[in-house]
Amino acid sequence: MITQEVASTLFQQMTGTMKNPYGLTERELEILHCLTEGHRYKAIASKVHLSEGTVRNYISTIYSKMQVQSRDEAIEKLNRVAYRLLIKCKMCRQCASLV
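The present account deals with the structure reproduced in this document.

### Quick look at the environment of K77
Item 1. Within the secondary structure layout, K77 lies in helix α5 (residues 71-88).
Item 2. Judged by its relative accessible area of 16%, K77 is buried.
Item 3. For the pair K77 and Q67, spaced 10 residues apart in the sequence, the C-alpha separation amounts to 9.5 Å.
Item 4. Among residues more than four places away in sequence, those in contact with K77 are Y22, M66, Q67 and V68.

### Here we look at helix α2 (residues 26-36)
Item 1. Of all the 11 residues making up α2, 8 are buried; the element is thus mostly covered by neighbouring parts of the structure.
Item 2. Taken together, the buried positions of α2 are occupied by E28, L29, I31, L32, H33, C34, L35 and T36.
Item 3. G38 sits one or two residues past α2 and shows a positive phi near 90°.

### Some details on the nonpolar core
Item 1. Grouped together as the largest cluster of nonpolar side chains are 19 residues, with contacts concentrated most on L32, I44, I59, I62, Y63 and M66.
Item 2. Of all elements in the fold, only α2, α3 (41-48), α4 (52-66) and α5 reach the threshold of two or more residues within this core.
Item 3. When near neighbours in sequence (up to four residues on either side) are disregarded, I59 contacts I31, L35, Y41 and I44.

### Let's talk about the environment of C34
Item 1. For C34, the location among the structural elements is in helix α2.
Item 2. With 14 residues separating them along the chain, C34 and V48 place their C-alpha atoms 9.4 Å apart.
Item 3. Other than its neighbours up to four places away in sequence, C34 contacts H39, I44 and K47.

How each quantity is defined
Residues numbered from 1 in each chain as written. Predicted model: local features only at pLDDT ≥ 70, side-chain atom pairs only at ≥ 80, totals over all residues. Heavy atoms only, no water. Helix = DSSP H or I, 4+ residues; strand = E, 2+ residues; numbered from the N terminus. Buried < 20%, exposed > 50% of the residue type's maximum accessible area, 1.4 Å probe, protein only. Contact = heavy atoms within 4.5 Å. Core = buried A, V, L, I, M, F, W, Y, C linked by side-chain atoms within 4.5 Å.

This is how it looks when you write it as structure tokens:
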């Protein structure tokens, strides 16, 4: 599983100056972040103030955009993207402190 610090940095970079490689919306990134933390659909729904069905729809869209079929595949793909981002920024001070 991806660490919370790496996930947070990745999501900040994806929504900030770094390119979002999957074209995810801010809401999708928020839900994806909850997935990486291990939350179940019901807990995510409560956290982001949506119905569980709406969360399921968002997750389906996220999986489609990422071209994955499960939470584990999505997390694995995020780990690869995070690794490439860390290498791309050549272990900048912020990223180096996370490793």
